[in-house]
Structure formats: structure tokens, C-alpha cells
Amino acid sequence: MFVNWDDMQSRVVNTLQALVRFDTTNPPGNETPCAAYVRDRLASEGIAATVLEPAPGRGCVIARLKGDGSEQPMLLLSHLDVVAVEPEAWTHPPFSGDIVDGYLWGRGSIDCKALTAIELELFLLLKRLMVPLKRDVILAATADEEAGGSNGVGWLVQHRFDLLDAEYAINEGGGLGVRMGNRWVFGIQTAEKGICWVKLRARGEPGHGSRPWGESAVAKLAAAVDRLARARLPQHRVATVEAYIHTLGAVLPPSEGKAVLGLLDPAMEEEALKQLPDQSLAPVLYASLHNTATPTILRAGQKVNVIPSVAEAEVDCRILPDQTADSAIAEMRERVGHDIEIEVTRSSPGVESAYDTPLFDTIREVICELEPESIVVPNMVAGGTDGRYLVAKGVKVYGLRPSKMVPGEPSMFALIHSHNERISLDNLGFGTRVLWEVIRRTCS
Ligand SMILES: [Zn+2]
């Protein structure tokens, strides 16, 4: 099957530019015009797509190419909404889609419209080449992922799961190749952490700011927040993470490999993190071995001369797949003390998909053909994705938007949700090639 990859890359680039130019900042999201663009692109090549709105303006677009039914469907999932920007901090306007020095700039260019563009173009290519399919291929680009997905995949799974039901889903969150030793190591996301967002509340005697006495709510809360922010919570291991670290330990040169394996020894972990050859991996690996609790919002007081009786902090706590909200609260309780109230505002468990599957083997095979001697390992992401709704329904979800973190180029970890988000055209091309082969081999 002949595919002109230069042509495919420019199609993906043009589509990504078009997608980035829709401002789908969530809140409010307003994804419908962007979803309608995807629907119209599909319609122009004879594919009927539906735009569903879980809430007004929150468009999700879904389409299906029919297979012969001999195998269960494969879902190509992505989300259309993006996180907020501070435009004045950007070198190129965040909704411009400008191409500068081989990079396409814009909010969503990595997270997650690159995947939408690739999946849409490959879906169209399957149709154009009339590839005979043994399973349905479903395309879904949805709303509201960045705010938890209740107006996107969460709603769809609850009300129209028939539209998404599949054996496998390809989603955001993985596929990044990192250079280690003299090889590429690609992490395919098979697990993700859950959340346990909490409010910490301290109470104290109110009074006049001119006559401080005893410990105020503000001081108690500040001390608790400080202890929590500095805490290293206990190490826990999940299968995906152990497999990832063991693989790295085996492929790196012996001295570096030893440092990486040291991560699994709680007594050596702190030192091992400092020894990692690529320091940008340290926070990622740390987060994959621990529940984390990050204070993000502080709230107390109305007037400078009034001592408030209540002070509150909100904490973004992320839990490992084998942990619960209760076990995470117990870990936080030990740090903040018994004088602080802990209220859970939102929680959902982490998830893990099996990776001893034909699809995982195909992903490994394809990546190693394009990038010989690569190592392909299951991986866990510290953040959450919409994948968790599908894993809960029995879908095996793999985070796979293949790309390479070329040494010396800006780190994708640093660009996601940050200023100056941008993606290299080379990575768009690479991701397109890998995903095409993975989809073609798995579905035809
Ligand atoms: Zn995303």
C-alpha cells in the first residue's frame, strides 16, 4: 500500500493548524465549532459523522468505518479542549498555528490536537485507500477532557457507550521516545494515576489583627501546607512502573542502569533520582512511585486587620492505581496533623490496562522497524486522561502519540500546559507513520 509520507505530513500539519485556530479554552470549552470542522472534513470525503453535545456548546464528534465484524472495534480517541493561556507570555500568539523553524506553535499543538489531526488524517486515509477492515474503526474527538471529562467522554460512556465500545483505544498520554544510552526508549501509556482532590481547613480564634494571641487559622494552615509540600509520601509499586524501571535498568550502560534500578529501593530512591542521566525524567519517575499531594490554592481572610477564624488550602493529590482516596488521606493526615480538617472534593481511582496483548506487540514491532533497536515499554502517566472512563468499561486503552524527544530540543514535559506550547513537524510526521502502521496492521 503506497503512501506518500511527505504529503501525509503536510496534510496533518494543515489540519493541526486549523484545529489550533479554534479557541477551545476550557472553561468554557466551546468545542462545537471545532467538532463541526472535523465533521465537515469527514463529510467532504463521504464519511457521515455525528456531533453530540453533552451540554450546550460542548461538541464531541464521532464517526465509524465499518469492518467485517470478525474482530472487535478499535477506537481512535482525542480531545478538542485546551487549557487556558497567558497570551502575553507567548513568543507567538497561542491560537495562531504559526510555523516557525520547524515547529507548529499553539495551545493544543501537543495536548491534544496533534493526536486529533493525525487520527483524523489516518481515518480519512483508510477510507481513501479503501483498506479492507476486519474491525470497525471509530474516531472520537471529544470535549471537556481538561476539566475531568464529565461533558465529554464521561457523558458519552454514561449515555452512548454503544458509540465508543471497543476492544482497544488509542489515546493521548504516551508514545514519547526518550534517548537513553544510545537507544530510544518509548513509553506506551498503559496506566494512569487517579485523583483525590482535597480541601484542608484550619480553624482558630478570630480577633483583631492588632492583638494577635495563640495560633491563628492562617498560621496553622500555613505550617500544615508547608509540611505537606515538603513531604515525600511512601513509595508504592505498580506492575507497569516496575516493568518500565526494570527495562530501563537493563538497557542503560551499567552505571546508569544501576542508578535507575535504585529507584525501586525506597532507601536509595532519593539519591537514584539525582543520578538519572536525564534530569527531566526525575519528577515523572518520582510521581510514578508515589501518591503526590501538591497544594495549589490558598484562601483566608477578608480584611488586613481581621484575624479570620478559618483558613483553607486546596491540594491536587494524585493516587497510584493500587491506592484509594482513604489510603492517600491517611498519608496526608500524617503530614498535616490531626488539627486540620481534610475534605475530599473529588476523587477517582487510577487505572491500568493489560499490556500482554497483540496490539502492544504490534506497537513494539512497528516502532522498532522505523527506529531500529528501540526499547518499547509500558508506562504510567502522572496526570489523568479520559482513558479512565473507558478502562472502567473494559476497553484496553493505550496512550500513543508517537514522538521523539530529541536531545537539545525543548522538552515536551515542559511545554504541555505551559507557555509556548509547540510541536516539531518532524514529530508530527513520525507520529503519523507509526500510528498508520499500527492501525493498519491491527484493523485490516
Ligand atoms: Zn490532553
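Residues numbered from 1 in each chain as written. Predicted model: local features only at pLDDT ≥ 70, side-chain atom pairs only at ≥ 80, totals over all residues. Heavy atoms only, no water.

**Student:** What am I meant to see in helix 3 (residues 113-128) here?
**Tutor:** Helical periodicity: at 3.6 residues per turn, an α-helix aligns residues three or four positions apart in one direction. If you check helix 3, its first and last C-alpha atoms are 22 Å apart, about what 16 residues at 1.5 Å a residue would give, namely 22 Å. Taking burial as the measure, the 16 residues of helix 3 include 14 buried ones, the bulk of the element. Count one or two residues on from helix 3 and you reach M130, which has phi positive near 50°. (Helix = DSSP H or I, 4+ residues; strand = E, 2+ residues; numbered from the N terminus. Expected span 1.5 Å × (residues − 1). Buried < 20%, exposed > 50% of the residue type's maximum accessible area, 1.4 Å probe, protein only.)

**Student:** Would you mind going over the packing of aromatic side chains with me for this structure?
**Tutor:** Here the distance between the centres and the angle between the planes together describe a pair of aromatic rings. Inspection of the entire model under this criterion finds six aromatic pairs. Ring plane angle 50° and centroid distance 6.1 Å describe the contact between Y355 and F360, whose orientation is recorded as tilted. With a relative accessible area of 0%, F360 lands in the buried category. Summarising the aromatic geometry, the rings of F360 and Y398 are spaced 5.8 Å apart at their centres and angled 85° between planes, so their arrangement reads as edge-to-face. In this pair, F360 sits in helix 12 (residues 358-370) while Y398 sits in strand 18 (residues 396-399), placing the two residues 38 residues apart along the sequence. (Phe/Tyr/Trp six-rings, centres within 6.5 Å; stacked < 30°, edge-to-face > 60°.)

**Student:** Quick question: what am I supposed to make of the packing of helix 2 (residues 32-44) against helix 3 here?
**Tutor:** Where helix 2 meets helix 3, the axes come as close as 11 Å, and the angle between the chain directions of the two elements is 20°. In terms of their interaxial angle, helix 2 and helix 3 are classed as roughly parallel. Between helix 2 and helix 3 the crossing geometry is right-handed. Contacts from C34, V38, R41 and L42 in helix 2 reach K113, L120, E121, F123 and L124 in helix 3. Of the residues in the contact of helix 2 with helix 3, the class split is six nonpolar, no polar and three charged. (Axes fitted to C-alpha atoms, helices over the stretch in contact; angles between N-to-C directions. Parallel < 35°, antiparallel > 145°, perpendicular 65-115°, else oblique. Left-handed = near helix turned anticlockwise from the far one by under 90°. Contact = heavy atoms within 4.5 Å. Nonpolar A, V, L, I, M, F, W, Y, C, P; charged D, E, K, R; others polar.)

**Student:** I tried to follow the domain arrangement of the protein chain on my own but got confused; where do I start?
**Tutor:** Put simply, an interface is often sized by how much accessible area is lost when its parts join up. Taken domain by domain, the protein chain comprises domain 1 (5-182 + 351-443), domain 2 (194-232 + 290-349) and domain 3 (235-279). Between the C-alpha centres of domain 1 and domain 2 the distance comes to 36 Å. Contacts between the two partners involve eight residues from domain 1 and, on the opposite side, six residues from domain 2. The junction of domain 1 with domain 2 conceals about 530 Å² of combined surface from both sides, 48% of it contributed by carbon and sulfur atoms. Looking only at domain 1, the three residues that lose the most surface to domain 2 are V351, M380 and R388, adding up to 59% of its buried area. There are zero salt bridges connecting domain 1 and domain 2. Remark: the boundary between domain 1 and domain 2 carries zero residue pairs in polar contact (both at pLDDT 80 or more). (Domains from an automatic or database assignment. Buried area = accessible area lost by both parts, 1.4 Å probe. Salt bridge = Lys/Arg side-chain N within 4 Å of Asp/Glu carboxyl O. Polar contact = N/O pair within 3.5 Å; in protein donor to acceptor, adjacent residues only side chain to side chain.)

**Student:** Teacher, can you tell me more about the packing of helix 12 against helix 15 (residues 425-443) here?
**Tutor:** Describing two packed helices takes the angle between their axes plus the distance from one axis to the other. Running from N to C, helix 12 and helix 15 point in directions that differ by 135°, and their axes come no closer than 9 Å. It follows that helix 12 is oblique to helix 15 by the angle criterion. Regarding helix 12 and helix 15, the two cross each other, and that crossing is right-handed. Contact residues: L359, T362, I363, E365, V366, I367, E369 and L370 in helix 12; F430, R433, V434, E437, V438, R441 and T442 in helix 15. Along the lines of polarity and charge, the residues of the contact of helix 12 with helix 15 split into eight nonpolar, two polar and five charged.

**Student:** Honestly, the pattern of salt bridges in this entry has me stumped. Any pointers?
**Tutor:** A side chain with one charge may pair with a side chain of the opposite charge, provided their charged atoms come close. Scanning all chains against the criterion turns up 33 salt bridges. One salt bridge in this structure joins R107 and E421, with 2.8 Å as the shortest N-O distance. Residue R107 is located in the loop between strand 5 (103-105) and helix 3, and its partner E421 is located in the loop between helix 14 (412-415) and strand 20 (422-424); the two are separated by 314 residues in the primary sequence. Accessibility assignment for this pair places R107 and E421 in one class, buried. K220 is the partner of D339 in a salt bridge, and the nearest nitrogen-oxygen pair spans 3.3 Å. Taken together, the residues span a long stretch of sequence, with D339 in the loop between helix 11 (325-336) and strand 15 (341-348) and K220 in helix 6 (residues 217-230) at a distance of 119 residues. One continuous salt-bridge network, built from bridges that share partners, spans R201, R203, R299, E312, E314, E341 and E343.

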